[in-house]
Amino acid sequence: MRTVKEVSKLTGVSVRTLHYYDAIGLLKPAKVTEAGYRMYDDKALGRLQNILLFRELQFPLKEIREILDSPDFDPSEAVARQIELLELQYQHIGELITLAREIQSKGAATMNFEAFDKSEIEQYKAEAKAKWGKTQAYYDYAQKSATQTEEEQKEITKQLLGRFSELGTLRHLPPAAEEVQGKISALQEFITDNYYVCTDEILNGLGQMYAGDERFKKNIDRAGGDGTAEFVSQAISVYCCSRRLL
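Residues numbered from 1 in each chain as written. Predicted model: local features only at pLDDT ≥ 70, side-chain atom pairs only at ≥ 80, totals over all residues. Heavy atoms only, no water.

Caption draft 1: Broad picture of the overall build of the protein. Helix and strand counts for the protein stand at 12 helices and 3 strands. Classification of the 246 residues of the protein by burial places 37% in the buried group. Within the protein, contacts between residues at least 6 apart in sequence are counted, and of these 63% link residues at least 24 apart. About 14,900 Å² of surface is accessible on the protein, with carbon and sulfur atoms providing 52% of the total. (Helix = DSSP H or I, 4+ residues; strand = E, 2+ residues; numbered from the N terminus. Buried < 20%, exposed > 50% of the residue type's maximum accessible area, 1.4 Å probe, protein only. Contact = heavy atoms within 4.5 Å. Areas by Shrake-Rupley, 256 points an atom, 1.4 Å probe, with all protein chains shown as cover.)

Caption draft 2: View of the environment of Tyr210. By secondary structure assignment, the location of Tyr210 is in helix α10 (residues 200-212). Residue class for Tyr210 comes out buried when judged on its relative accessible area of 4%. Spatially, the C-alpha atoms of Tyr210 and Val232 are 7.6 Å apart, while their sequence positions differ by 22 residues. With residues up to four places along the chain from it excluded, the contact list for Tyr210 reads Phe164, Leu187, Ile191, Phe216, Lys217, Ile220, Ala229, Val232 and Ile236.

Caption draft 3: Just the packing of aromatic side chains, in detail. Under the counting rule described, the total for this entry stands at 5 aromatic pairs. Plain terms: the ring middles of Tyr210 and Phe216 are 5.8 Å apart, the flat faces sit at 55 degrees to each other, and that makes the pair tilted. Owing to a relative accessible area of 31%, Phe216 belongs among the partly exposed residues under this scheme. Three or more aromatic residues joined by ring pairs make a cluster, and in this case those are Phe164, Tyr210 and Phe216. (Phe/Tyr/Trp six-rings, centres within 6.5 Å; stacked < 30°, edge-to-face > 60°.)

Caption draft 4: Molecular detail of the side chain of Gln181. Among the structural elements, Gln181 can be located in helix α9 (residues 178-194). Of the residues examined, Gln181 reaches a relative accessible area of 13% and is grouped as buried. A distance of 2.7 Å separates the side chain of Gln181 from the backbone oxygen of Pro175, its partner in a polar contact. Leave out the neighbours within four places in its chain, and Gln181 touches Pro175, Ala176, Ala235, Val238 and Tyr239. (Polar contact = N/O pair within 3.5 Å; in protein donor to acceptor, adjacent residues only side chain to side chain.)

Caption draft 5: Structural context of helix α1 (residues 4-11). For α1, every residue scored as buried is listed here: Val4, Val7 and Ser8. Each buried residue of α1 lies within a common arc of 100 degrees when the element is viewed along its axis, so the set occupies one face. Every exposed residue of α1 that faces more than 90 degrees away from the buried side is listed here: Lys5, Lys9 and Leu10. Summarising the contacts, the buried residues of α1 are in contact with β1 (2-3), α2 (15-23), β3 (38-40) and α3 (42-56). Phi for Gly12, located one or two positions after α1, is positive at around 85 degrees. (Arc of directions from axis to C-beta.)

Caption draft 6: Structural view of the sheet that holds β1. What the 3 strands build is an open sheet, ordered β1-β3-β2; its pairing is antiparallel. Edge positions in the sheet fall to β1 and β2 (31-32), since each of these pairs with one other strand and no more. (Pairing = 2+ DSSP bridges.)

Caption draft 7: Looking closely at the pattern of salt bridges. Enumeration according to the criterion identifies 5 salt bridges in this entry. For Arg38, the salt bridge is made with Asp22, and the minimal N-O distance between the two is 2.8 Å. One end of the pair, Arg38, is in strand β3; the other, Asp22, is in helix α2, and 16 residues separate them in sequence. In this structure Arg38 comes out as partly exposed when scored by relative accessible area, which is 23%. With a relative accessible area of 9%, Asp22 lands in the buried category. The salt bridge involving Arg243 is made with Asp200; its shortest N-O contact spans 3.2 Å. (Salt bridge = Lys/Arg side-chain N within 4 Å of Asp/Glu carboxyl O.)

Caption draft 8: How the structure looks around the packing of helix α8 (residues 150-168) against α9. The N-to-C vectors of α8 and α9 enclose an angle of 170 degrees; their axes lie 10 Å apart at closest approach. Viewed along their axes, α8 and α9 adopt a mutual orientation that is roughly antiparallel. Contacts between α8 and α9 involve Ile156, Gln159, Leu160, Arg163, Phe164, Glu166 and Leu167 from the first element and Val180, Lys183, Ile184, Ala186, Leu187, Phe190 and Asn194 from the second. Of the residues that constitute the contact of α8 with α9, the class distribution is 9 nonpolar, 2 polar and 3 charged. (Axes fitted to C-alpha atoms, helices over the stretch in contact; angles between N-to-C directions. Parallel < 35°, antiparallel > 145°, perpendicular 65-115°, else oblique. Nonpolar A, V, L, I, M, F, W, Y, C, P; charged D, E, K, R; others polar.)

Caption draft 9: Structural detail: the environment of Tyr40. Considering the arrangement of structural elements, one finds Tyr40 in strand β3. Remark: the alpha-carbon pair of Tyr40 and Val7, spanning 33 residues in sequence, is separated by 7.6 Å. Residues contacting Tyr40, with those up to four places away along its chain left out, are Met1, Arg2, Thr3, Val4, Val7, Leu18, Leu27, Lys28, Pro29 and Ala30.

Pasting the structure below:
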């Protein structure tokens, strides 16, 4: 058993942060002594290690708690996903270093914004969350799909593709056009009604997958025409950004 100060010294996490993790139910000590001292065992330290890895990957604390508290949580699978995400970030940082050196050698006039593109990382994070199945959205979907017949699920999918088809007819408009944004709002409501509560954050992640994942892109473009997936992704980005500004 280690005291909170010992854990802080070992991990570099401040005592105040450890107290906060305890308060929000993210990391509870193994026991609290009669004198009120928090004590942490190896199991708690293992959980803290997972928390720190997820934090390095920019997962919100709420999502980390949902993932770790899920009865289906598989530590070995989580580590495998974490490694893949960390490798993507490592590659991303390497590209930024290369760009910075290019600017240093050729001058500040060098223009190359590809190195700042984190869509692949964000896409993978969104997919990883879905595959882990530890979020509330996953459980909402599991409950709804369990009550639907195969024919009902096919009909829902058909309706969803129909919405992409409608958006495809609007590709001549700017993604920020009122009519387009209205369709995006309707898409968000449709997903909430038929799959899971589609928050702005979830919708934004879906938008990135629509354009970045070849499977999504192929089906959406087939429904609405070439370029529909990218158009919908851009429209969703505009929609979510505008909602954050309200």
